[in-house]
Amino acid sequence: MDPTPTAAGPRRPARRRHPAARSRVVAGTLSAVLFLGLGAGMATRQSSATTATTSAASSSASAQEDTGSASSGWGATPGSSSDASPMTSSQGS
Amino acid sequence: MATMVAPAELRFRAMGSDVHVLVNGPADLLPVARDRVEELERRWSRFRPDSEISRLNALAGSPMAVSPETLGLVGRALEGARVTGGRYDPTVLGDVLRAGYDRSFEELGDGLGTGGGSPLGRGWARVTVDPGRSSVTLPAGVGLDPGGIGKGYAADLVVEELRAAGAAGVLVNLGGDLRADGPAPGGGSWVVAIEHPLRVGPAATVALDRGAVATSSRVRRAWGPAGGRRHHLIDPATGSPADTGLAAVTVLAARGWQAEVLAKAAFLGGLDRGRALLTVAGADGLLVDDRGGRHPTGGFGRFLAGDGAGVGR
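Residues numbered from 1 in each chain as written. Chains lettered and ligands numbered in written order. Predicted model: local features only at pLDDT ≥ 70, side-chain atom pairs only at ≥ 80, totals over all residues.

K.L.:
Describe the overall build of chain B, with residues and values.
P.N.:
Each helix and strand counted, chain B has seven helices and 16 strands in total. By the burial criterion, 59% of the 313 residues in chain B qualify as buried. Contacts spanning at least 24 positions in sequence make up 60% of the contacts within chain B whose residues lie at least 6 apart. (Helix = DSSP H or I, 4+ residues; strand = E, 2+ residues; numbered from the N terminus. Buried ≥ 20, exposed ≤ 12 C-beta atoms within 10 Å, placed from the backbone. Contact = placed C-beta atoms within 7 Å.)

Dropping the structure here:
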């Protein structure tokens, strides 16, 4: 499904699917590592039944992904500016 | 080197934050961006009783039909919870209310809210999304707090929509959660200052061609009287504002919602686990400890602009 239709703004073009699959692989790997280690305490408190339900839902969310770039997984693409002044800032939320 | 050309830009307030939109393209896209951000705020604000999120929380226990945008937001929030093993949890609303953050930040000031009696619990794994019916069901007694991820996902949506409408490049910054795509004016990269949470000036300045930046900080969105300060970064393991030895975490990721999820999860994990989380995710970031020390991930140096401001490459 398309997560972005809007009455106020334009619509996006059709999405490519293969980057979404790549995103799911990364997400799956991350999830596995976290379940084994970093997030074990919280992860083990999730029941298998409810996790299955959520996984189905979140797979749908992943299927909506359109990376639209050559970057892999969840990584950003570095720029090349070496001496430009900042255009904006990230101060935390 | 690319020639620096000024972008069309617009600043305004929305989602309790300063919004900054930069467009490499027609300036008439700027009001389109503002309208869209304000529309998403009307849908997602938990401080508006008529928003979709408020109605969803009020209907916990029963399915509710939602807009495609809200369906996408909830799906991504659940994805974030799943991939971080629950360290990022979008259902900490009850804990946030009990900590006193029960009204917009402009209204809260240095005071303490009266949400101490909230009975809401957590339960992201029991939230269900039905894409076929475009509906979401929250478990009874569970509330959704989309604050951070809402800003990141809103930036994603607006950037992608403005690009589709003809902008060569766009950057949308919602209170420090930003997404950029396409070339900056002059064909260069987007240059972003990461503010130091404990000192005046930037902790680093980064350049990216495309992607997102999000910062989770215990210094911002903190409230309450001196000696009893609280902040909005709730640890799902304790239900209380987290004390992990970190002051802030900034993450560079592909998308705004991903950067937001990872920044919050890394902050809650602390320095070592947080850095490991970012590495596993394929993202990069800068973690600042309570003493102001800067701890970049291994790949963070690829993004540094200028001389790196003393951050190790």
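K.L.:
Can you explain the packing of helix α1 (residues 30–44) of chain B against helix α6 (residues 147–164) of chain B? Please cite residues and give values.
P.N.:
Residue and element names in this part refer to chain B. The N-to-C vectors of α1 and α6 enclose an angle of 145 degrees; their axes lie 10 Å apart at closest approach. You can see that α1 and α6 cross each other, and the crossing is right-handed. From α1, Val32, Ala33, Arg36, Val37, Leu40 and Trp44 reach across to α6, where they touch Gly150, Ala154, Leu157, Val158, Glu161 and Leu162. Here the contact of α1 with α6 is built from residues that sort into nine nonpolar, one polar and two charged. (Axes fitted to C-alpha atoms, helices over the stretch in contact; angles between N-to-C directions. Left-handed = near helix turned anticlockwise from the far one by under 90°. Nonpolar A, V, L, I, M, F, W, Y, C, P; charged D, E, K, R; others polar.)

K.L.:
Tell me about helix α3 (residues 68–83) of chain B, and please be specific about residues and values.
P.N.:
Residues and elements named next belong to chain B. For α3, with 16 residues, the first-to-last C-alpha span of 22 Å sits near the 22 Å given by 1.5 Å per residue. Most of α3 sits inside the fold, with 15 of its 16 residues counted as buried. Positioned one or two residues after α3, Gly85 has a phi angle of 60 degrees, which is positive. (Expected span 1.5 Å × (residues − 1).)

K.L.:
Lay out the environment of Val127 of chain B with the relevant residues and their values.
P.N.:
Structurally, the position occupied by Val127 of chain B is in the loop between α5 (105–108) and β4 (128–130). Expressed as a C-alpha distance, the spacing of Val127 of chain B and Met64 of chain B, which sit 63 residues apart in the sequence, is 12 Å.

K.L.:
Please provide a residue-by-residue account of the confidence of the model for chain A, values included.
P.N.:
Residues and elements named next belong to chain A. Scored by pLDDT, chain A comes out at a mean of 52, with 17% of its residues at no less than 70. The secondary-structure element of chain A with the lowest mean pLDDT is helix α3 (residues 48–63), recorded at 37, while strand β1 (residues 77–78) shows the highest, at 94. Below a pLDDT of 50 lies the segment residues 1–17, which in the model reaches 36 contacts outside its immediate sequence neighbourhood of four places, other chains included. (pLDDT = per-residue confidence, 0-100.)

K.L.:
Give me the pairing of strand β14 (residues 246–253) of chain B: which residues, what numbers.
P.N.:
All names here are of chain B. With eight of eight residues buried, β14 lies mostly within the body of the structure. As judged from the six bridges shared by β14 and strand β15 (residues 284–289), these two strands associate in the antiparallel manner. Residue Val249 lies in a different strand from β15, and its bridge partner there is Leu287. (Pairing = 2+ DSSP bridges.)

K.L.:
Provide a residue-level description of the nonpolar core, including the pertinent values.
P.N.:
Residues and elements named next belong to chain B. Core analysis: the largest hydrophobic core is formed by 101 residues, its most contacted members being Val172, Val206, Val251, Leu252, Ala253, Leu262 and Ala266. Here this core gets 13 residues from one element, more than from any other, and that element is helix α7 (residues 256–281). With near-sequence residues (within four places) excluded, Val206 lies in contact with Val192, Ile194, Leu252, Phe303, Leu304 and Ala305. (Core = buried A, V, L, I, M, F, W, Y, C linked by C-beta atoms within 7 Å.)

K.L.:
If you had to explain the environment of Glu69 of chain B to someone new, which residues and values would you point to?
P.N.:
Residue and element names in this part refer to chain B. The topology assignment puts Glu69 in helix α3. Classification of Glu69 by C-beta neighbours within 10 Å gives buried; the count is 23. In this structure, the C-alpha to C-alpha distance between Glu69 and Ala276, residues 207 residues apart in sequence, is 31 Å.

K.L.:
An account of the environment of Ser54 of chain B is needed here, citing residue identities and associated values.
P.N.:
Mapping Ser54 of chain B onto the fold places it in helix α2 (residues 52–58). Apart from residues lying up to four places away in sequence, Ser54 of chain B is in contact with Arg46, Arg48 and Pro49 of chain B.

K.L.:
For the packing of α3 of chain B against α6 of chain B, give the residues involved together with the corresponding values.
P.N.:
Residue and element names in this part refer to chain B. Packing of α3 against α6 brings their axes to within 10 Å, and their N-to-C directions diverge by 125 degrees. In terms of orientation, α3 lies oblique with respect to α6. In this structure, α3 meets α6 at a crossing whose hand is right-handed. Along its contact with α3, which presents Glu69, Leu73, Arg76, Ala77 and Gly80, the element α6 presents Ile149, Gly150, Tyr153 and Leu157. Among the residues forming the contact of α3 with α6, the class breakdown is five nonpolar, two polar and two charged. (Parallel < 35°, antiparallel > 145°, perpendicular 65-115°, else oblique.)

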